[in-house]
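# Geometric and topological summary
Residue strings, one per chain:
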Amino acid sequence: MVQICIKGENLIIKLKGFEKVVALKGSLKIPFNCIERVAYVKDLDDTEKEQIYPKMRLGGLSIGEILYGRFTTSLGLAFFATKKLERSIVIYIKCSFPYKIVVIEVSDSETLSELEKKLKNSDSSD
């Protein structure tokens, strides 16, 4: 499982141990003003799920539903850190960031709520 924290105006995603090694990346720092929206994979419609589904691995691990690292998708370059897509959230990126989407597995529903609340606060302060 990845560690997610909010520091100022950034979302920090940290990988540790085995996950860090197989993803070939230790952390991501995403400015909140670059996040378009967040959603649970399980709540996406079939078209959206197809768009985020990895097509080609560019670096990392892919065994069944276990996805760590960089992949291409219909939306562009993506970063995955998940063992099961249905327990993951998708972070859609709208600015010049290396990835168009970031898909991470979360342990509880509060993570998505926190991110949505922070995004609303960021939008209202623009």
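Now for a look at the structure at hand. Remember, predicted model here, so these are calculated numbers, not experimental data.

## Structural notes on the overall build of the protein chain
From N to C terminus, the protein chain includes three helices and nine strands. Along the protein chain, helices and strands appear, N-terminal first, in the series β-β-α-β-β-α-β-β-β-β-β-α. Whereas a compact globule of 126 residues would reach a radius of gyration of roughly 14 Å, the protein chain reaches 14 Å, a difference of no more than 12%. Here the protein chain holds 126 residues, and the buried ones make up 44% of them. In the structure as shown, the protein chain presents an accessible area of about 6900 Å², 49% of it carried by carbon and sulfur atoms. For the protein chain, the distance from the average site of its 20 positive side-chain charges to the average site of its 17 negative ones is 8 Å.

Cut-offs applied
- Residues numbered from 1 in each chain as written.
- Predicted model: local features only at pLDDT ≥ 70, side-chain atom pairs only at ≥ 80, totals over all residues.
- Heavy atoms only, no water.
- Helix = DSSP H or I, 4+ residues; strand = E, 2+ residues; numbered from the N terminus.
- Rg over C-alpha atoms; globule rule 2.2 N^0.38 Å.
- Buried < 20%, exposed > 50% of the residue type's maximum accessible area, 1.4 Å probe, protein only.
- Areas by Shrake-Rupley, 256 points an atom, 1.4 Å probe, with all protein chains shown as cover.
- Lys, Arg positive; Asp, Glu negative; His and termini not counted.
- Charge placed at Lys NZ, Arg CZ, Asp CG, Glu CD.

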